[in-house]
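Secondary and tertiary structure notes
This is what each chain is made of:
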Amino acid sequence: MKLQRRNSRGLRALTVGAVAVSGALVLTSCGSDDNSQNGGVDKQAASNIKCGGKGQLLSSGSTAQKNAMDAWVQTYATACKDLQINYKDIGSGGGITEFLQGSTAFAGSDSALKPEEVAQSKKVCKNGQGINLPMVGGPIAIGANVPGVDDLVLDGPTIAKIFDSKIKKWNDPAIKKLNPDAKLPSLEIQAFHRSDESGTTQNLGKYLAKAAPQDWKYEPEKSWPAKGGQSASGSSGVASQVKQTEGAIGYFEQSYATSQKISTVKVDTGAAKPVESTPENASKAIAAAKVVGKGKDLALDLDYTTKAEGAYPIILVTYEIACDKGNKAATLDAVKSFLTYTASEDGQKILPEKGYAPLPAEIATKVRETVPTLS
């Protein structure tokens with residue numbers, strides 16, 4: 001597995017606990033004294049949490065789930081002041097690497113463990129192995145900054161050609177055909193991709209390989225495979241570049257598009273109408289996922305080629321990767337307590353307003369049954 005290059009400026013740690021609740025996080029909820037999710041902690045949800053463990057819980061990985069993790073940790077820390085949760089959003093590849101090195105209690109990844117990574121995990125998980133626990137779903141938004149165009153439609157082959165540097169201007173005939181009423185400028189396309197190993201990149205690759213097999217010949221991997229384009233670190237880095245660069249296009253989780261007010265592309269799937277990137281539309285596609293993992297492993301097979309009405313096809317599911325057996329005694333109770341909360345109805349209900357899709361009921365039930373059995 002490739003080790004991720006770390007940029008010290010791009011390595012951001014989310015450290016929240018008793019100290020953080022009395023400090024930085026209070027700034028985000030100041031003046032909010034109700035039980036809603038709108039800028040404050042849901043006090044009722046916090047009161048339902050059963051705390052476990054003390055000290056510090058280290059985890060790292062997916063930037064896709066950062067905004068969800070921020071909200072979860074904030075609520076959890078309100079209830080459980082004896083435990084400090086530190087989540088570093090360093091990308092799925094980096095998170096898996098640290099988990100396999102035994103330096104974190106769990107990892108966040110937008111793609112399931114590979115067979116060779118499961119084999120490696122057995123060295124860390126004594127008498128057990130790493131398993132994939134789905135926790136966050138959502139759309140991978142294609143964000144674009146095209147002056148004068150706010151309602152852009154693209155399809156799989158066109159998206160593939162743009163990111164493979166085969167379509168280079170916004171007034172290309174292929175884009176015009178999909179947007180006959182738009183005033184497309186004769187502007188160079190600036191395509192941005194992730195510089196770090198990313199499950200978001202891998203899921204976009206899976207979509208392109210299925211939706212545009214003639215135009216996207218690359219194997220879906222965490223590292224960006226195509227030549228050309230420009231890179232940025234993390235979903236936040238790609239979103240920032242798209243926001244500030246005229247002619248830019250990039251991919252990131254819906255929450256980044258929402259928070260930075262970036263226009264997102266509607267995808268022509270072959271359904272009656274192009275489909276917008278929303279949590280609700282992503283849920284329609286994720287609901288068709290099938291569990292393909294064995295035993296306690298809940299790895300999913302996603303349908304990237306759905307043509308169902310209103311189903312947004314460019315989706316991902318972020319897994320929390322933990323040991324089924326052989327977790328460190330010092331952190332086991334904390335892992336079970338925190339993941340029990342994130343998988344709960346209280347934990348899942350905050351996701352839509354953050355731009356994510358809650359787990360489908362059948363999958364959520366399996367996760368809730370599995371977490372308490374970790375040992």
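So, how was this worked out
- Residues numbered from 1 in each chain as written.
- Predicted model: local features only at pLDDT ≥ 70, side-chain atom pairs only at ≥ 80, totals over all residues.
- Heavy atoms only, no water.
- Helix = DSSP H or I, 4+ residues; strand = E, 2+ residues; numbered from the N terminus.
- Buried < 20%, exposed > 50% of the residue type's maximum accessible area, 1.4 Å probe, protein only.
- Contact = heavy atoms within 4.5 Å.
- Areas by Shrake-Rupley, 256 points an atom, 1.4 Å probe, with all protein chains shown as cover.
- Arc of directions from axis to C-beta.
- Pairing = 2+ DSSP bridges.
- Right-handed = clockwise from strand over helix to strand, strands pointing away.
- Disulfide = S-S within 2.5 Å.
- pLDDT = per-residue confidence, 0-100.
- Salt bridge = Lys/Arg side-chain N within 4 Å of Asp/Glu carboxyl O.

A tally of helices and strands in the protein yields 15 helices and 13 strands. In the protein, buried positions account for 57% of the 375 residues. Considering only intrachain contacts with a sequence separation of at least 6, the fraction spanning at least 24 residues in the protein is 76%. Entry remark: accessible area of the protein is about 15,900 Å², with carbon and sulfur atoms responsible for 49%.

We now examine helix α15 (residues 361-370). Every buried residue of α15 is listed here: Ile363, Ala364, Val367 and Thr370. The buried residues of α15 occupy one face: seen down the axis, they fall within an arc of 125 degrees. Turned more than 90 degrees from where α15 packs its buried face, Ala361, Glu362 and Glu369 sit exposed. Its buried side turned inward, α15 meets β5 (130-144), β12 (300-301) and α13 (329-343).

Before going further, it helps to examine the pairing of strand β3 (residues 83-89). In terms of burial, β3 is largely enclosed, as 5 of its 7 residues are buried. Across 7 bridges, strand β2 (residues 55-61) lies against β3 in parallel orientation. Note on β3: the bridge partner recorded for Gln56 is Gln84. In this view, the connection linking β2 to its parallel neighbour β3 by way of helix α4 (residues 66-79) has right-handed handedness.

Let us now look at the state of the cysteines. By the definition in use, this model includes 2 disulfides. The disulfide partner of Cys51 is Cys80, and the S-S distance across this bridge is 2.0 Å. One disulfide, between Cys51 and Cys80, carries an S-S torsion of -90 degrees and so falls in the left-handed class. Here Cys51, found in the loop between α3 (43-47) and β2, pairs with Cys80, found in the loop between α4 and β3; they are 29 residues apart in sequence, far enough to count as distant. In this structure Cys51 comes out as partly exposed when scored by relative accessible area, which is 45%. Judged by its relative accessible area of 3%, Cys80 falls in the buried class. Paired through a disulfide, Cys125 and Cys323 show a sulfur-sulfur distance of 2.0 Å. On the sign convention where negative is left-handed, the bridge of Cys125 and Cys323, at about -70 degrees about the S-S bond, is left-handed. Note that Cys125 is positioned in the loop between α6 (115-121) and β5 and Cys323 in strand β13 (residues 315-323), a separation of 198 residues in sequence.

Listed in full, the buried residues belonging to helix α12 (residues 279-286) are Pro279, Asn281, Ala282, Ala285 and Ile286. Projected onto a plane normal to the axis of α12, the buried residues spread over an arc of 160 degrees and lie on a single side. Buried positions along α12 lie against β5 and β13.

Here we take up the confidence of the model for the protein. For any part of a model where pLDDT is low, the fine detail of the predicted coordinates should not be relied upon. Per-residue confidence for the protein averages 89 on the pLDDT scale, and 89% of its residues sit at or above 70. Across residues 1-39, where pLDDT falls below 50, the model places 77 contacts with residues more than four positions away in sequence or in other chains.

Here we come to the pattern of salt bridges. The tally for this structure, following the rule as stated, stands at 10 salt bridges. A salt bridge links Lys114 to Glu221, with the shortest nitrogen-to-oxygen separation between them at 3.1 Å. Residue Lys114 is found in the loop between β4 (106-109) and α6, and its partner Glu221 is found in the loop between α9 (199-211) and β8 (230-232); the two are separated by 107 residues along the sequence. Judged by its relative accessible area of 26%, Lys114 falls in the partly exposed class. Asp215 serves as the salt-bridge partner of Lys161, at 4.0 Å between the closest nitrogen and oxygen. Here Lys161, found in helix α7 (residues 156-163), pairs with Asp215, found in the loop between α9 and β8; they are 54 residues apart in sequence, far enough to count as distant. Counted as one network, the salt bridges with shared partners bring together Asp42, Asp346 and Lys349.

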